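Remarks on the overall topology
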Amino acid sequence: QPKLQTMKLWLGAEEMEVELALTPDQVRTGMMFRTNLAENAGMLFVFPVPHRASFWMKNCPLPLSAAYIDPEGVILEIHDLQPHNTNSIAASSERVQFVLETNQGWFERHQVAVGMLVRTERGSLMETFFRKR
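Residues numbered from 1 in each chain as written. Predicted model: local features only at pLDDT ≥ 70, side-chain atom pairs only at ≥ 80, totals over all residues. Heavy atoms only, no water.

1. Digging into the environment of T23
The following threshold applies: Numbering of helices and strands runs from the N terminus; a helix is a DSSP stretch of H or I covering at least four residues, while a strand is a stretch of E covering at least two. Each residue is placed in one exposure class: buried if its accessible area under a 1.4 Å probe, protein chains only, is under 20% of its type's maximum, exposed if it is over 50%, and partly exposed if it falls in between.
Relative to the helices and strands, T23 resides in the loop between β2 (14-21) and α1 (24-29). For T23, a relative accessible area of 36% gives the class partly exposed. A C-alpha to C-alpha distance of 15 Å links T23 and Q1, two positions 22 residues apart in sequence.

2. Overview of the environment of L100
Cut-off, in case you're wondering: Residues are treated as being in contact if the distance between any of their heavy atoms lies within 4.5 Å.
The topology assignment puts L100 in strand β8 (residues 96-103). Relative accessible area serves as the criterion here: at 0%, L100 is assigned to the buried category. As for L100 and F45, which are separated by 55 residues in sequence, their C-alpha atoms are 6.3 Å apart. Setting aside residues no more than four positions away along its own chain, L100 makes contact with L9, L11, M16, V18, M43, L44, S65, A66, A67, I69 and F107.

3. A few points about the packing of aromatic side chains
To describe a pair of aromatic rings, one takes the distance between the centres and the angle between the planes. Inclusion rule: Here the aromatic set is Phe, Tyr and Trp, taking the six-membered ring for Trp, and pairing holds for ring centres within 6.5 Å; pairs whose planes are under 30 degrees apart are stacked, those over 60 apart are edge-to-face, and all others are tilted.
Evaluated as defined, the whole model comprises six aromatic pairs. Plain terms: the ring middles of W106 and F107 are 5.4 Å apart, the flat faces sit at 90° to each other, and that makes the pair edge-to-face. Owing to a relative accessible area of 0%, W106 belongs among the buried residues under this scheme. With a relative accessible area of 2%, F107 lands in the buried category. By way of ring pairs, the aromatic residues F45, F47, F55 and Y68 are connected into one cluster.

Written out as C-alpha cells, the structure reads:
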C-alpha cells in the first residue's frame, strides 16, 4: 500500500517519523499488508473525538505495539499486538483520541512509558491536528 503523509513526533527525547492515518479509510487500513517498518517509524491514528479505542491486526503480518494517547498527548496505555490476531485490544479509557503503532517492543527499548507526552514538530497533538484554521 502507498506510504502516507509523514510527520516527526517526539516522545520524551526520542524522535520518530510517523505516517498519518487521518481519513476513515486510512484508519481502517492502517498497517495492513506492511511487511517492514524502520525502527524509528510508526503510524499515528487521529480520531475526531476521544473514545474507547479498539485495535486489531487483521491482515497485518508485523508484530506491533500500540500506545493509546489522550487529547493532551499523554500516553494512557501501551499494548502489544500479535500478527494477524483478529481479537480487538480495547482501551480501558474512553479518552483515547490518538493511537501510535510502531514495531513491537519499541516503547520499552526506547524507555517510553505510560504518562509520557507525545508532541509533533508543530506543537501538541491537539494544536497540530485540531487548531482552528
